[in-house]
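Structure assessment
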Amino acid sequence: MALAQPGASGRLLSWPRLLLFGDSITEYSFQEDGWGTYLAERLVRKCDVLNRGISGYNTRWAKLILPRLIPESTSADSIAAVTIFFGANDSALKELNPKQHVPLEEYAANLKGMVHYLKSVGITADRIILITPPPLQESAWEKACLAKGDKLNRSNATTGQYAQACVQVARECSTDVLDLWTLMQKNQDFSSYLSDGLHLSAKGNSFLAAQLWSRLENKLSALPSLLPYWRDVDHTNPEASLL
């Protein structure tokens, strides 16, 4: 029996997309117990969760990539939401890590430029969530740096400045923001949220997932499940249920 051809018999199936755009903390989010995995599990059959995390990248590079991920020809209705999660690399100390470092003012301008681009292709502010970098646990990150023959190349105070800039951009652009840097430090021992002082531990992934879902749930939970529940399929005439 020949397969039914899209368009000829029924509409092409197309899931809306949640795009996770960021650095290594996003790239690693699909690992076991990762925050991206958590979101994908809750949105299965409702929304495709796309991991577009690129380890080591900063906003200077990200702003060049975003139009290639979401070109102007993209149907805005196909994008359920976008998270922009950069800053951990931008905030690297210039004198010790000039390749990844982006000056604070440029970081803010790059974030703003990416938000403006998304708006220009029809993705409204209520579908954009900025995420600040998490706090840096300096002693743990220093050990990771020394193991690679490097010096400590970041500081929590500097990371906090970038987090504040991210919050300000969100305020100016009327987008939602998840201030991870501040929220995690409400726990006096925020190091438990981090695996190496910079990247997220299992607890940190769980924390981020819960915080982000609380912002996404109202936007996405009402999306319909695509295709009927199997008990609702007419087994004597499946075409009537599925096409």
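This text goes with the structure placed above it.
Residues numbered from 1 in each chain as written. Predicted model: local features only at pLDDT ≥ 70, side-chain atom pairs only at ≥ 80, totals over all residues. Heavy atoms only, no water.

1. Quick look at helix α4 (residues 104-120)
For α4, spanning 17 residues, the distance from its first C-alpha to its last is 24 Å, which sits close to the expected 24 Å at 1.5 Å a residue. The complete set of buried residues in α4 reads Y107, A108, N110, L111, M114, V115, Y117 and L118. Contacts made by the buried residues of α4 are with β1 (17-22), α3 (59-69), β3 (79-85), β4 (128-131) and α6 (156-173). A positive phi of about 95° marks G122, the residue just after α4. (Helix = DSSP H or I, 4+ residues; strand = E, 2+ residues; numbered from the N terminus. Expected span 1.5 Å × (residues − 1). Buried < 20%, exposed > 50% of the residue type's maximum accessible area, 1.4 Å probe, protein only. Contact = heavy atoms within 4.5 Å.)

2. Describing the side chain of N97
Within the secondary structure, N97 sits in the loop between β3 and α4. Of note is the side chain of N97, whose polar atom sits 2.6 Å from the side chain of Q100. Excluding anything up to four places from it in sequence, N97 contacts A92, N153 and R154. (Polar contact = N/O pair within 3.5 Å; in protein donor to acceptor, adjacent residues only side chain to side chain.)

3. Overview of the pattern of salt bridges
This model, assessed by the stated rule, comprises 3 salt bridges. Between R42 and E41 there is a salt bridge, with its nearest N and O atoms 3.8 Å apart. Across the pair E106 and R60 runs a salt bridge whose closest N-O atoms are separated by 2.7 Å. Of this pair, E106 sits in helix α4 while R60 sits in helix α3, and the two are 46 residues apart along the sequence. The class for E106 is partly exposed, based on a relative accessible area of 23%. (Salt bridge = Lys/Arg side-chain N within 4 Å of Asp/Glu carboxyl O.)

4. Overview of the packing of α3 against α4
At a minimum axis distance of 9 Å, the contact between α3 and α4 shows a crossing angle of 10°. The orientation of α3 relative to α4 falls into the category roughly parallel. Facing T59, R60, A62, K63, L66 and P67 of α3, the residues of α4 in contact are E106, Y107, N110, L111, M114, Y117 and L118. By residue class, the composition of the contact of α3 with α4 is 8 nonpolar, 2 polar and 3 charged. (Axes fitted to C-alpha atoms, helices over the stretch in contact; angles between N-to-C directions. Parallel < 35°, antiparallel > 145°, perpendicular 65-115°, else oblique. Nonpolar A, V, L, I, M, F, W, Y, C, P; charged D, E, K, R; others polar.)

5. Some details on the packing of aromatic side chains
All told, the structure shown has 6 aromatic pairs when counted by the stated rule. Plain terms: the ring middles of Y107 and Y162 are 5.1 Å apart, the flat faces sit at 55° to each other, and that makes the pair tilted. With Y107 in helix α4 and Y162 in helix α6, this residue pair connects regions lying 55 residues apart in the sequence. Pairing Y229 with W230 gives two aromatic rings, centres 6.0 Å apart and planes at 55°, and the pair type is tilted. Positioned over the ring face of Y38 is R42, at 3.6 Å from the centre of the ring. The side chain of K203 reaches across the aromatic face of Y193, ending 5.2 Å from its centre. (Phe/Tyr/Trp six-rings, centres within 6.5 Å; stacked < 30°, edge-to-face > 60°. Lys NZ or Arg CZ within 6 Å of the ring centre and 35° of its normal.)

6. Let's talk about the pairing of β4
Taking every second residue as pointing to the same face, both faces of β4 are buried, with I128 and L130 on one and I129 and I131 on the other. Inspection of the sheet shows β3 paired to β4 by 4 bridges, in the parallel sense. Looking across to β4, one finds that V82 is bridged to I128. For the segment spanning β3, α4 and β4, crossover handedness is right-handed. (Pairing = 2+ DSSP bridges. Right-handed = clockwise from strand over helix to strand, strands pointing away.)

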